[in-house]
Every structure is written in structure tokens, then in C-alpha cells.
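Structure at a glance
Residue strings, one per chain:
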Number of protein chains: 2
Amino acid sequence: MTFSSKLIEKAVEAFASLPGIGRKTALRLVLHLLKQDKSTTEQFANALVSMREGIRECRICFNLADEETCQICADKRRDRSLVCVVENIRDLMAIEETGQFRGLYHVLGGVISPIEGVGPGDLNIDALLERLQGDEVREVIMAISPTIEGETTIYYLSKKLQPLGVQLSAIARGVSFGGDLEYADELTLGRSIVARVPYIGQ
Amino acid sequence: MTFSSKLIEKAVEAFASLPGIGRKTALRLVLHLLKQDKSTTEQFANALVSMREGIRECRICFNLADEETCQICADKRRDRSLVCVVENIRDLMAIEETGQFRGLYHVLGGVISPIEGVGPGDLNIDALLERLQGDEVREVIMAISPTIEGETTIYYLSKKLQPLGVQLSAIARGVSFGGDLEYADELTLGRSIVARVPYIGQ
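Let me begin by describing the structure that accompanies this report. (Residues numbered from 1 in each chain as written. Chains lettered and ligands numbered in written order. Predicted model: local features only at pLDDT ≥ 70, side-chain atom pairs only at ≥ 80, totals over all residues. Heavy atoms only, no water.)

1. Notes on the overall build of chain A
As a reminder, the rule being used: Only DSSP runs of H or I covering at least 4 residues are called helices, and only runs of E covering at least 2 are called strands; the numbering of each starts at the N terminus. When we talk radius of gyration, it's over C-alpha atoms, and the globule rule is simply 2.2 Å times the number of residues to the 0.38. The cut-offs for exposure are 20% and 50% of the maximum accessible area for each residue type, with area from a 1.4 Å probe on protein chains only; residues under the lower value are buried, those over the upper are exposed, and the others partly exposed. In this analysis, two residues are considered to be in contact whenever any of their non-hydrogen atoms come within 4.5 Å of each other. In this count, Lys and Arg are taken as positive residues and Asp and Glu as negative ones, while His and the chain termini are left out. Charge positions are represented by NZ for Lys, CZ for Arg, CG for Asp and CD for Glu.
The number of helices and strands found in chain A is 8 helices and 6 strands. Across chain A, helices and strands are ordered from the amino to the carboxyl terminus as α-α-α-β-β-α-β-α-β-α-β-α-β-α. Taken against the 2.2 N^0.38 rule, which gives 17 Å for 202 residues, the C-alpha radius of gyration of chain A at 22 Å runs more than 25% over that of a compact globule. Overall, the C-alpha framework of chain A stretches about 65 × 45 × 45 Å when taken along its three principal axes. Within chain A, buried positions represent 41% of all 202 residues. If you take every contact in chain A between residues at least 6 apart in sequence, the share linking residues at least 24 apart comes to 45%. A gap of 4 Å separates the mean positions of the 23 positive and 28 negative side-chain charges of chain A.

2. Quick notes on the interface of chain B and chain A
Applied cut-off: The quantity reported as buried area is the accessible area (1.4 Å probe) lost by two parts once they are put together, taken as the sum for both. Every case where a carboxyl oxygen of Asp or Glu lies within 4 Å of a side-chain nitrogen of Lys or Arg is listed as a salt bridge. We call two N or O atoms a polar contact when they sit within 3.5 Å, provided that within protein one can donate a hydrogen and the other can accept it, with sequence-adjacent residues counted only if both atoms are side-chain atoms. Think of it as three bins: nonpolar holds Ala, Val, Leu, Ile, Met, Phe, Trp, Tyr, Cys and Pro, charged holds Asp, Glu, Lys and Arg, and polar takes everything else, Gly as well.
Between chain B and chain A, the contact holds 48 residues from the first and 48 residues from the second. Both sides of the chain B and chain A interface together cover about 4,900 Å² of buried area, and 69% of this is carbon and sulfur. The largest contributions to the chain B side of the interface with chain A come from S4(B), L7(B) and R52(B), which together make up 14% of the buried area. Counting across the chain B and chain A interface gives 0 salt bridges. Along the contact surface separating chain B from chain A lie 12 residue pairs in polar contact (both at pLDDT 80 or more). Elements with a contribution of two residues or more to the side of chain B that touches chain A: α1 (6–16), α2 (23–35), α3 (38–54), α4 (71–74) and α5 (89–98) of chain B. Per-element accounting of the side of chain B that touches chain A gives the leading share, 13 residues, to α3(B). Of the residues belonging to the side of chain B that touches chain A, the class tally is 26 nonpolar, 11 polar and 11 charged.

3. What about the pairing of strand β5 (residues 139–143) of chain B?
Residue and element names in this part refer to chain B. Quick note on the threshold: What makes two strands pair is DSSP finding at least two bridges between them. Orient the strands so they point away from the viewer, and a crossover whose first-strand-to-second-strand path over the helix runs clockwise is right-handed.
Among the 5 residues in β5, 5 count as buried, and that is most of the element. Covered by surrounding structure in β5 are E139, I141 and A143 together with V140 and M142, the residues of both alternating faces. Alignment of strand β3 (residues 79–86) against β5, held across 5 bridges, turns out to be parallel. Bridge pairing in β5 links V83 to V140. The sheet contact formed by β5 and strand β6 (residues 167–170) spans 4 bridges and is parallel. Across the sheet, I141 pairs through a bridge with S169, a residue of β6. For the handedness criterion, the β-α-β arrangement of β5, helix α7 (residues 148–161) and β6 is classed as right-handed.

4. A closer look at the nonpolar core
Where we set the bar: Throughout this description, the term nonpolar core refers to a set of buried Ala, Val, Leu, Ile, Met, Phe, Trp, Tyr and Cys residues connected via side-chain atoms within 4.5 Å.
Counting residues in each nonpolar core, the largest one holds 82 residues, and the members touching the most others are I8(A), F15(A), F44(A), I8(B), F15(B) and F44(B). Among all residues touching F15(B), those that are not within four sequence positions of it are L18(A), F44(A), L48(A), I21(B), A26(B), L29(B), V30(B), L33(B) and F44(B).

5. Here's the deal with the sheet that holds strand β6 (residues 167–170) of chain A
Residue and element names in this part refer to chain A. Note the following rule: An axis is simply a line fitted to the C-alpha atoms; with a helix, the fit covers only the stretch in contact. Between two such axes, the angle follows the N-to-C directions and lies from 0 to 180 degrees.
Pairing is parallel across the open sheet formed by 4 strands, whose spatial order is β4-β3-β5-β6. The open sheet has two edge strands with one neighbour each: β4 (103–107) and β6. Pairwise comparison of adjacent strand axes, ignoring direction, gives a mean angle of 25° for this sheet. Strand contacts of helix α5 (residues 89–98): β3 (79–86), β4 and β5 (139–143), with the helix running at about 160° to β4, the strand carrying the most contacts. Sheet strands touched by helix α7 (residues 148–161): β3, β5 and β6. Its angle to β5, the strand with the most contacts, is close to 170°.

6. Comments concerning α1(B)
Within the span of α1(B), buried status applies to I8(B), E9(B), A11(B), V12(B), A14(B) and F15(B). Structurally, α1(B) contributes buried residues whose contacts are with α3 (38–54), β2 (64–65) and α5 of chain A together with α2 and α3 of chain B. For α1(B), the side-chain oxygen to backbone nitrogen distance between the N-cap and L7(B) is 3.3 Å, and the N-cap itself is S5(B).

7. Structural notes on the sheet that holds strand β4 (residues 103–107) of chain B
Residue and element names in this part refer to chain B. Reading across the sheet, the 4 strands line up as β4-β3-β5-β6 and stay open at both edges, with parallel pairing between neighbours. The strands lining the two open edges of the sheet, one partner per strand, are β4 and β6. This sheet shows a mean twist of 25° between the axes of neighbouring strands, independent of strand direction. Along the sheet, α5 makes contact with β3, β4 and β5, crossing β4 at roughly 160°.

8. Here we look at unusual backbone geometry
Residue and element names in this part refer to chain A. The phi dihedral of F62 is positive, around 70°, even though this residue is not glycine. As for its placement among the helices and strands, F62 is situated in the loop between β1 (56–57) and β2. The class of F62 is buried, set by a relative accessible area of 16%.

Here you go:
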């Protein structure tokens, strides 16, 4: 696609540099901005620049934060005795979405992956150990994806955390709600039978 | 979806205000920008603001332009005796993409639509008539979508242009290249038989 305007060309390239946006979609977005007032584009640009300039890592849990500590760590109503360890911010958001967890988080910033050259030293594990020095935290929930790297990370964490005397737990695994048994993978289905739970009638 | 950061919230809202981008995609784009340097977001924002501030309408053809006249009108190599009338910039770009047209354009800025309250006075028709006052233009090609509004506009234009003595033409219609006859709509197929062309062997 060629454009008869360098300004348009550059704006299209800007949008098309984002993941999942091709040049046709980029053009559609640019033409959309052209239909709106100039102030719309300014506000759009400002929202992104302010976000990128202002965003920080929470000094406690490494979540995204506007201040020194994130809104979750600063929230007095949350249960400070529970810490949920997650791989990244996306997983943290997914758990927040469920509305089922009212404790705090700890964002590792990845998982141990020798292939990708990520060792324990590259993750926020020391900071987690420091957080657990006091006796405020009672339980650490490891909400890490059940991949090979995730399992390695869980194993490593468990070895590091066990001496500290906090309760360790991992998220439950099994067949999804609404999931068809015949479509569940063998490993999940197998584990869900081994790790069966007592049936509590409604 | 709720975020523990107002800055993220606003950036997600900004992306999600664009057509075809939902909040999940918007979040993905924001997290992508967070992974890049601050300068990436600045350059992205600058490209959009510069475009929106700097873009103009070509004073000759109403195409998007960086200067007073667009690159197409300013290009001395293009055939100034041919003017292709299009509804909007998107159609102009589509024709440019084909690489089959080396004349100039005239962007109407819409089609006549009584239902939507668009009359001939709302379109760049007077400016077109003015362009045709000299004797530089030999032929006007009406490349307007074959909708009811499009046909109305073509009819209106033909009535206005015929007295000026320029040759009038409309883009060819028929079955698409690679199109299956059985899937062509009746009107198109019917017209393609009535308006059949002599076969020229290869």
C-alpha cells in the first residue's frame, strides 16, 4: 500500500508496528482519527505518553503502579497474610478479574527457563524471600502456568520457601468448568482423577 | 476488566476507543508499549499528532495532502487530461493500489443521499465543475460504487458535466476476475451479458 502523504504513511507505520495490526487496519485507524477533532488524537497520544512515562513497578510486589506502591498493596482491606505468586502482570489481572482473591500478589517477571537463559536470579525471587521475613504472611499461593518451565519454577520456589515456615499452595488443576471430558487432555484428565475431591451434595 | 493503575486504565480506554479494538486487545497493545523503550511510545504518539495536525485537503482534488496540493496533483508525470471522480479517500487509495491509473483524481467527499441528508451542495461538485472550465481535462471517469446513492450521484454528475463537453465514462462492471458465475448476483450477471465485449484471442 502506498500513500500520497508522508504524514499518513508515518501514522500508518506507527499503528502497524503494534502486534496484530496490519497495514489495512492501521489505515482504518488513521482515517478514523482524521474524522475526529484534532483534540481526540492529542488526548489519545497524551494518554499513551503519560502512561509510558509515569508507570512504575510497585516496590513491594512488582505490579504496575502509579505511585511507589500499587493500588493493591496500598489497599488496607486486602488480606496481607496471603501472597499469590504470579508469572506476569497479565496473570495477575486475570486472577483479579475473577474477584475470588483478596490477598496480595508477587509478580516474578517470568519463569525459570534454561533454554531462554532465564535463571532464578533474573526473577523477583529474592524480593519475595525478603517479603516473607516478617511473620505477616501466612500462606503463599503459587499461581503459575503448568508448563515445564512453570513446574520448574514452582519446584525451585518450594525449595526456597519451605524453610521459612509459610504454608505453600498451588492453584487447583483439573477439567475446566463446562469442559467436555472427552476433549480434556490425558494429563489433565488423569490428574483430575488422582486428585479427586469428596463430593458435597448441593 | 479493572486495572490497579489509573494510567493503564486511561491508556487502555484510549486504544479501546478506536474502531474494532476491544478492551482485551487494547490491554495487549498497552503491555506491548510497556515492553518497549519510552522513546517508542513517544515516537508512536508523535507520528499520530503530527499527522493529525499537519494533514490538509489538497486544494485541487480534496485528497489528503501534506502541502497545499497533494503528491498526485503535484506529480508532473501524471496525465492531467484524465480526472477520476471518487467518493472518498479510501476509494482513491484502492485505485492507486491497482497501479492502472495515471491521471488525476477528484474526491467528492461522499455521495448524494437524501436519507442521510447529503445533497449535491455538501459534496465537492462545484470545485469539480470549476476544474473543468479550462480545456486541460479531456475525460472524467466516474469511479463511484454501484449503490443506489452512487447511481444517483453518477446521474446528477452526468447532467452537470455533459454541457461542458468533456468525455464521461464510468468504471466497467461485470463478473469479478476469478469469480464463479453461479455465485454472481443476478443484476451483475444480467448486465455482464447485456454489456458483453468482443472476445480478443490471446
